Amino acid sequence: MTLHTAMRPARPTLRCLRDDLGLPLPAVTDPLDEIEHPILAKAAEQFAADDAKHERIRAVDDQVLFKVKVQRWRGAVWVDADLPWLVAAGRREDGSTDDFYAALEADGKAARARYNVGNADALKSATYTAHLLPAREDYVRYRAEAGVRFVRRLRTAVLTLSRATLRDGQEHTVDFDTFTVGLQVRADDGHETYLAVRITGSVPPNLTTLILRNVPGCEADGWYPEYALPERDLLPAEQAWSNLMDPREAARVLDTGP
């Protein structure tokens, strides 16, 4: 089977993390898609590329699950729109004839039998694996990690803008979902390095503080509001701030860039 959607990084469910992989739950500042483990790395690799072909676990017929194999690890991945979840995993020991996918099928059939005993509306599928899919706690965790992902993206974007404007003195911008950030540096030979930050869109004060805090080489208490940019007046829904950039930090930003 071929998936044609650009995928987000694969991640394990909390149940799979605890019960199947035997790993502790890391702090929310450590996204689950960054956990180092062979089967997670393989799932991330396998589901990263557009138009990649994936082998379905045919023995499971109530959900579409895909196989992931690396070394002696075996896994099952369920895809929610563009987010792959590792929902089950196991390891085959050397010399063992046990097969992870056969065990998954057997567990699915047993779960189906239990379901049908307790429910009047019997399942028509041969297996029942809904209990393996992401639960509410998984989506709560994913949303909690969103702040971490956003801060990382913001830091990378601000550093990239700083490097670009240091090279040519022009304003460079990046668009986020609800706002735009622009940076422009003015540095004449023998003079201080002046930097202006433009934020367009409605942003709360704490986000403005976060943006300014991540501009390299600028004192946190050195920002001053401006009423115009170096070459034009501010437009509606724009705010601008200025500061002096440490020339040594400016040189380091340029030296470490691509």
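All values reported here derive from a predicted model rather than from experimental measurement.

### Brief notes about the overall build of the protein
A tally of helices and strands in the protein yields six helices and 11 strands. Relative to the compact-globule value of 18 Å for 258 residues, the protein shows a C-alpha radius of gyration of 25 Å, a clear excess of over 25%. Seen through its C-alpha atoms, the protein measures out along the principal axes to roughly 80 × 45 × 35 Å. The proportion of buried residues among the 258 residues of the protein is 41%. Long-range pairs, those at least 24 residues apart, make up 56% of the contacts in the protein between residues at least 6 apart in sequence.

### Digging into the sheet that holds strand S2 (residues 66–70)
Pairing within the open sheet is mixed, and its four strands lie in the order S1-S4-S3-S2. Whereas interior strands pair on both sides, the edge strands pair on one side only; in this sheet they are strand S1 (11–12) and S2. Inspection of the sheet shows S1 paired to strand S4 (residues 83–91) by two bridges, in the parallel sense. From the neighbouring strand, Arg11 faces S4, where its bridge partner is Trp85. Relative to the sheet, helix H3 (residues 100–118) contacts S2, strand S3 (73–80) and S4, its axis offset from that of S3 by approximately 55 degrees.

### So, the pattern of salt bridges
Overall, the coordinates contain 15 salt bridges when judged by the stated rule. In this structure, Glu249 and Arg252 form a salt bridge, with 2.7 Å as the shortest nitrogen-oxygen distance. Of the two residues, Glu249 and Arg252 are both situated in helix H6 (residues 247–255); the distance of three residues between them amounts to about one turn of the helix. On the accessibility criterion, Arg252 (41% relative accessible area) is partly exposed.

### Observations regarding the layout of surface pockets
Counted as a void, the largest pocket has a volume near 160 Å³. Those elements that provide at least two residues to the lining of the largest pocket are helix H1 (14–20), S4 and H3. It is H3 that provides the largest number of residues to the lining of the largest pocket, a total of five residues. When the residues that make up the lining of the largest pocket are grouped by side-chain class, the tally is seven nonpolar, three polar and three charged.

### Quick look at the nonpolar core
Grouped together as the largest cluster of nonpolar side chains are 24 residues, with contacts concentrated most on Val181, Leu183, Leu195, Val197, Ile211 and Val215. Only helix H4 (136–168), strand S6 (180–187), strand S7 (193–200), helix H5 (205–213) and H6 provide two or more residues apiece to this core. A total of five residues in this core trace back to one element, the largest contributor, which is H4. Those residues in contact with Val197 that lie beyond four places of it in its chain are Val181, Gly182, Leu183, Ile211, Leu212, Val215, Trp223, Gln239, Ala240 and Trp241.

### Observations concerning the environment of Ala43
One can find Ala43 in helix H2 (residues 38–46). Ala43 gets classed as buried once you look at its relative accessible area, which sits at 1%. Separated by 184 residues in the primary sequence, Ala43 and Tyr227 have C-alpha atoms spaced 50 Å apart. Leaving out residues up to four positions away in the same chain, Ala43 has contacts with Ala10, Val68 and Val77.

### Some details on the packing of aromatic side chains
Evaluated as defined, the whole model comprises seven aromatic pairs. Between the aromatic rings of Phe47 and Phe66, the centroid separation amounts to 6.1 Å while the plane-to-plane angle is 55 degrees, which identifies the pairing as tilted. Placement of Phe47 in the loop between H2 and S2 and of Phe66 in strand S2 is noted, with a sequence separation of 19 residues between them. Here Phe47 and Phe66 have matching classes, each one buried. With centroids separated by 5.0 Å and ring planes inclined at 80 degrees, the aromatic side chains of Phe100 and Tyr101 adopt a geometry described as edge-to-face. Comparing Phe100 with Tyr101 shows no difference in burial state: the two are buried. Through a chain of ring-to-ring contacts, three or more aromatic side chains come together here, namely Phe150, Phe176 and Phe179. The cationic tip of Lys67 hangs over the ring face of Tyr101; the distance from NZ or CZ to the ring centre is 5.0 Å. Taking the ring centre of Tyr142 as reference, the NZ or CZ of Arg149 above it sits at 4.1 Å.

Thresholds applied
Throughout this document, residue positions are counted from 1 along each chain, in the order its sequence is written. At least 70 in pLDDT is required for a residue's local features to be given in this predicted model, at least 80 for side-chain atom pairs to be given and counted, and no such filter applies to totals for whole chains, interfaces and linings, which use all residues. Side-chain numbers come from the whole structure's heavy atoms, not from hydrogens or water. Only DSSP runs of H or I with at least four residues qualify as helices, and only runs of E with at least two residues qualify as strands; both kinds are numbered from the N terminus onward. The atom set for the radius of gyration is the C-alpha atoms, and the globule formula is 2.2 Å times the number of residues raised to the power 0.38. Buried, partly exposed and exposed residues are distinguished by accessible area as a fraction of the type maximum, computed with a 1.4 Å probe on protein chains only: under 20%, between the cut-offs, and over 50%, respectively. Only heavy atoms matter for contacts: two residues are in contact if any of them lie within 4.5 Å across the pair. Strands are treated as partners if at least two bridges between them are detected by DSSP. Simply put, an axis is a line fit to the C-alpha atoms, just over the touching stretch for a helix, and the angle between two N-to-C directions goes from 0 to 180 degrees. Every case where a carboxyl oxygen of Asp or Glu lies within 4 Å of a side-chain nitrogen of Lys or Arg is listed as a salt bridge. Only protein atoms enter the 1 Å grid used here, on which a cavity is any set of points holding a 1.4 Å probe that cannot leave and a pocket is any open set flanked by protein within 12 Å on both sides along at least five of seven lines; residues with an atom within 4 Å of a point are listed as lining. Grid points are joined across faces, edges and corners, and a volume is the space filled by probe spheres set on the points. Gly is placed with the polar residues, together with every amino acid not listed as nonpolar (Ala, Val, Leu, Ile, Met, Phe, Trp, Tyr, Cys and Pro) or charged (Asp, Glu, Lys and Arg). Throughout this description, the term nonpolar core refers to a set of buried Ala, Val, Leu, Ile, Met, Phe, Trp, Tyr and Cys residues connected via side-chain atoms within 4.5 Å. Two rings belonging to Phe, Tyr or Trp (six-membered ring only in the last case) form a pair when the distance between their centres is within 6.5 Å. Interplanar angles under 30 degrees mark stacking, angles over 60 mark edge-to-face geometry, and anything in between is tilted. For a ring to carry a charge above it, either NZ of a lysine or CZ of an arginine must fall within 6 Å of the ring centroid while also lying within 35 degrees of the normal to the ring plane.

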